[in-house]
Amino acid sequence: MKRILIFAMALLVCGVASAQKIEDFKARLAEPTLNDTLGRAGKVVVHEVGTAAEAVRKSDAATKPETVKGFRIVIFFDNSSTARAKAEEAIMHFNAIYPDVRSYMDYENPYFKVLVGGCVTSEEAIVLLGRITPNFPKAYITREEIKLTELSQPKFVPAPAEPITDSITNPVTARPIE
C-alpha cells in the first residue's frame, strides 16, 4: 500500500513539474530576492542554450493533445455545381448575423459544408443550435475534432457601424449566449 501511495505521489510531482512553462520559470528566477540582512536584492540572469529550450518545447508538444472531441453546427451541406458559391454566401450571411461565433467552410469530396461554433459539450451545442435555428432551420449538430487553440482564443469582431440587415432587410441583432 505504501508503494502505491509513493508511486502516486511521484506521478503527481512529475505532472506538476512538467506542466510548468519555461518562460514562467525564467521570469520567477529573474525576480529579485532578499539575500542578506541589509535587505539588498540579488538578481539572477538566465542564459539559455537554444537546443535545451527546443527539446522541452518538443516534449511538451508530444504530451499535450492538440485537439479535443467536440461538436459543431452544420448550417450548409451541398454537392451541386454551385455549392462553393452557396457555401461562401452562407458563411457571409452567418457572420453578418452572428459575428461572435466562428464559422468554417469544409470540403469533403463531393460535399461543401459550412460548420459553425466549437462546443465541447453537447449541451453547449444544443444551446447554440437553438440560437441559430431561427435563421438556419436546416442546421444540425455534428461531432468534430476541435483544436484547443480555437477554444482558448475568443473571436474578435469589431462592432458594426450600422445595423446589419438580412436578405429581407429586417434589422438583425446578434445576442451572446446567455
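Read on for an overview of the structure. (Residues numbered from 1 in each chain as written. Predicted model: local features only at pLDDT ≥ 70, side-chain atom pairs only at ≥ 80, totals over all residues. Heavy atoms only, no water.)

### With respect to the sheet that holds strand β6 (residues 140–147)
Just so we agree on the cut-off: The rule for pairing is simple: two strands pair if DSSP sees at least two bridges between them. Helix and strand definitions follow DSSP, with helices as H or I runs of at least four residues and strands as E runs of at least two, each counted in order from the N terminus. Comment: axis = line fitted to C-alpha atoms, over the contacting stretch for helices; angle = value between 0 and 180 degrees taken between N-to-C directions. Any pair of residues with heavy atoms lying within 4.5 Å of one another is described as a contacting pair.
The sheet built from 4 strands is open, its strands ordered β4-β5-β3-β6 with antiparallel pairing. In the strand order of this sheet, the two ends are held by β4 (103–108) and β6, each with one partner. The mean angle between the axes of side-by-side strands here comes to 40°, regardless of whether they run parallel or antiparallel. The pairing of strand β3 (residues 67–78) with β6 spans 8 bridges and is classified as antiparallel. Within the sheet, the bridge partner assigned to Phe-71 lies in β6 and is Arg-143. Contacts from helix α5 (residues 122–132) reach β3, β5 (111–119) and β6 within the one sheet, and its direction differs from that of β3 by about 25°.

### With respect to the packing of aromatic side chains
The relative placement of two aromatic rings is captured by the distance of their centres and the angle of their planes. Heads up, the rule is: Only Phe, Tyr and Trp rings take part, Trp by its six-membered ring, and two of them pair if their centres are within 6.5 Å. Stacked means planes under 30 degrees apart, edge-to-face means over 60, and tilted covers everything else. Three labels apply to residues, based on accessible area from a 1.4 Å probe with only protein chains included: buried if under 20% of the type maximum, exposed if over 50%, partly exposed otherwise in between. The criterion is that NZ of a Lys, or CZ of an Arg, lies within 6 Å of the ring centre and within 35 degrees of the ring normal, and then a charge sits over that ring.
Enumeration according to the criterion identifies 4 aromatic pairs in this entry. Relative to Tyr-111, the ring of Phe-77 has its centre 4.5 Å away and its plane inclined at 15°; by these criteria the two rings are stacked. Separated by 34 residues along the polypeptide, Phe-77 in strand β3 and Tyr-111 in strand β5 bring together distant segments of the chain. By relative accessible area, which is 43% here, Phe-77 ends up partly exposed. Tyr-111 gets classed as partly exposed once you look at its relative accessible area, which sits at 32%. With a centroid separation of 5.0 Å and 35° between ring planes, the pair formed by Phe-94 and Tyr-98 is classed as tilted. Site record: aromatic cluster; members linked through ring pairs are Phe-94, Tyr-98 and Phe-136. Looking at Arg-72, its charged tip hangs above the ring of Tyr-104, at a distance of 4.2 Å from the centre.

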